[in-house]
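Next come the chains, spelled out residue by residue.
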Amino acid sequence: MIKVNHLKKSFGKTEVLKDINFELNQGEVLAIIGPSGSGKSTLLRCLNWLEQPDGGTISINNIDIEIENINKKQKQQLIKQSAMVFQHYNLFKNKTVLQNVTIGLKTNKQLDRSAIDARASDYIEQVGLSDFKHKYPVTLSGGQQQRVGIARALALDTPVLLFDEPTSALDPELVSGVLNVIKSVAKLNKTLIIVTHEMSFAEDIADKVIFMEDGFIVESGTPKQIFNNPRQERTAEFVKNDKGVK
Ligand SMILES: Nc1ncnc2c1ncn2[C@@H]1O[C@H](COP(=O)(O)OP(=O)(O)O)[C@@H](O)[C@H]1O
Ligand SMILES: [Mg+2]
């Protein structure tokens, strides 16, 4: 469903993604772990073309792209395959919850106003925020705001969802509510890629785990392999330390 080969990305002289290769089947959940600065966000952003990669190939949902020869139509097709949930929610502060969620529907669907609102309301209900439809983000907790971010991503109706540290900006007591919403999203048969520092969550939800460091995938495997029986010294060290912190 997703196949990435030899993906590369530099910012100026800094090589941030050096040679990224992985595959993921439809409906699977991939967790990406790794230290800060290892290129995790850049990888997600390249998949959604929020950053333009420099080389390699990306295939998502039968859309096959050679980065160096991509055309405008392929770019538009690629962008439609995935929706992003951001670490800092990235909601429009001057729009209500409902308006934030309808943005995705408006740009993607030929629906009339009441149909758009009805669809958006369904997504808002899915993340447990029906009572907050007409509130503004500033009146919501971080956890509620992130759930709006998830509803907005769902409303784009893409086969792939990308989560970039969806809980790392949250107060600890708000984390589990958001993780539970992500768990329910994982049952929708979409393909999920989640960058996270929540090791036990990753272990619980993921079909596959990738450990990234310094622009490379150091190791990938099942959660069992990565968390209990890593082959690489660096993975073992990272997993141990990160577990130790908790
Ligand atoms: N827009 C950018 N311009 C320049 N450097 C960037 C940009 N985005 C990320 N970087 C650099 O790329 C490296 C990887 O960043 P990032 O992908 O955010 O890592 P992670 O998400 O794993 O913490 C970092 O050294 C960061 O400073
Ligand atoms: Mg990041």
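Notes on the structure in this doc start here. This one's a predicted model, so the numbers in the text were calculated from it and none came from an experiment. (Residues numbered from 1 in each chain as written. Chains lettered and ligands numbered in written order. Predicted model: local features only at pLDDT ≥ 70, side-chain atom pairs only at ≥ 80, totals over all residues. Heavy atoms only, no water.)

## Some points on the overall build of the protein
Step number 1: Looking only at helices and strands, the protein features nine helices and ten strands.
Step number 2: Expected size for 246 residues packed as a compact globule is a radius of gyration near 18 Å; at 18 Å, the protein falls within 12% of this value.
Step number 3: Principal-axis analysis of the C-alpha atoms places the extent of the protein at approximately 55 × 45 × 35 Å.
Step number 4: Split into buried and exposed, the 246 residues of the protein put 50% on the buried side.
Step number 5: The long-range share in the protein, meaning contacts at least 24 apart out of those at least 6 apart in sequence, stands at 64%.
Step number 6: As displayed, the protein has an accessible area near 11,900 Å², and 46% of this comes from carbon and sulfur atoms.
Step number 7: If the 31 positive side-chain charges of the protein are averaged to one point and the 29 negative ones to another, these points end up 5 Å apart. (Helix = DSSP H or I, 4+ residues; strand = E, 2+ residues; numbered from the N terminus. Rg over C-alpha atoms; globule rule 2.2 N^0.38 Å. Buried < 20%, exposed > 50% of the residue type's maximum accessible area, 1.4 Å probe, protein only. Contact = heavy atoms within 4.5 Å. Areas by Shrake-Rupley, 256 points an atom, 1.4 Å probe, with all protein chains shown as cover. Lys, Arg positive; Asp, Glu negative; His and termini not counted. Charge placed at Lys NZ, Arg CZ, Asp CG, Glu CD.)

## Overview of the site of ligand 1
Step number 1: Taken together, the residues surrounding ligand 1 are Phe-11, Val-16, Pro-35, Ser-36, Gly-37, Ser-38, Gly-39, Lys-40, Ser-41 and Thr-42.
Step number 2: Contacts to ligand 1 include Lys-40, whose side-chain N or O atom sits 2.8 Å from an oxygen atom.
Step number 3: Measuring from an oxygen atom of ligand 1, one finds a side-chain N or O atom of Thr-42 at 2.5 Å.
Step number 4: The protein chains hide 57% of the 560 Å² of surface that ligand 1 would expose on its own.
Step number 5: For the shell around ligand 1, the element with the highest residue contribution is helix H1 (residues 40–47), accounting for three residues.
Step number 6: Residues belonging to the shell around ligand 1 are distributed by class as follows: three nonpolar, six polar and one charged. (Near = heavy atom within 4 Å. Polar contact = N/O pair within 3.5 Å; in protein donor to acceptor, adjacent residues only side chain to side chain. Nonpolar A, V, L, I, M, F, W, Y, C, P; charged D, E, K, R; others polar.)

## Quick notes on the packing of aromatic side chains
Step number 1: Inspection of the entire model under this criterion finds one aromatic pair.
Step number 2: Look at Phe-211 and Phe-238: their rings are 5.1 Å apart centre to centre, the planes differ by 35°, and that puts the pair in the tilted class. Within this pair, whereas Phe-211 is found in strand E9 (residues 208–213), its partner Phe-238 is found in helix H9 (residues 233–245), the two being separated by 27 residues in sequence.
Step number 3: A relative accessible area of 0% means that Phe-211 is categorised as buried.
Step number 4: Its end group placed over the ring of Phe-92, Lys-95 keeps NZ or CZ at 5.9 Å from the ring centre. (Phe/Tyr/Trp six-rings, centres within 6.5 Å; stacked < 30°, edge-to-face > 60°. Lys NZ or Arg CZ within 6 Å of the ring centre and 35° of its normal.)

## A few points about the pairing of strand E8 (residues 191–195)
Step number 1: Burial analysis of E8 places five of its five residues in the buried class, the great majority of the element.
Step number 2: Burial along E8 is two-sided: the residues Thr-191, Ile-193 and Val-195 and Leu-192 and Ile-194 are all buried.
Step number 3: Bridge count for strand E7 (residues 160–164) against E8 is five bridges, and the pairing is parallel. Bridged to Leu-162 within E8 is Ile-193.
Step number 4: Handedness of the E7-helix H6 (residues 172–185)-E8 crossover: right-handed. (Pairing = 2+ DSSP bridges. Right-handed = clockwise from strand over helix to strand, strands pointing away.)

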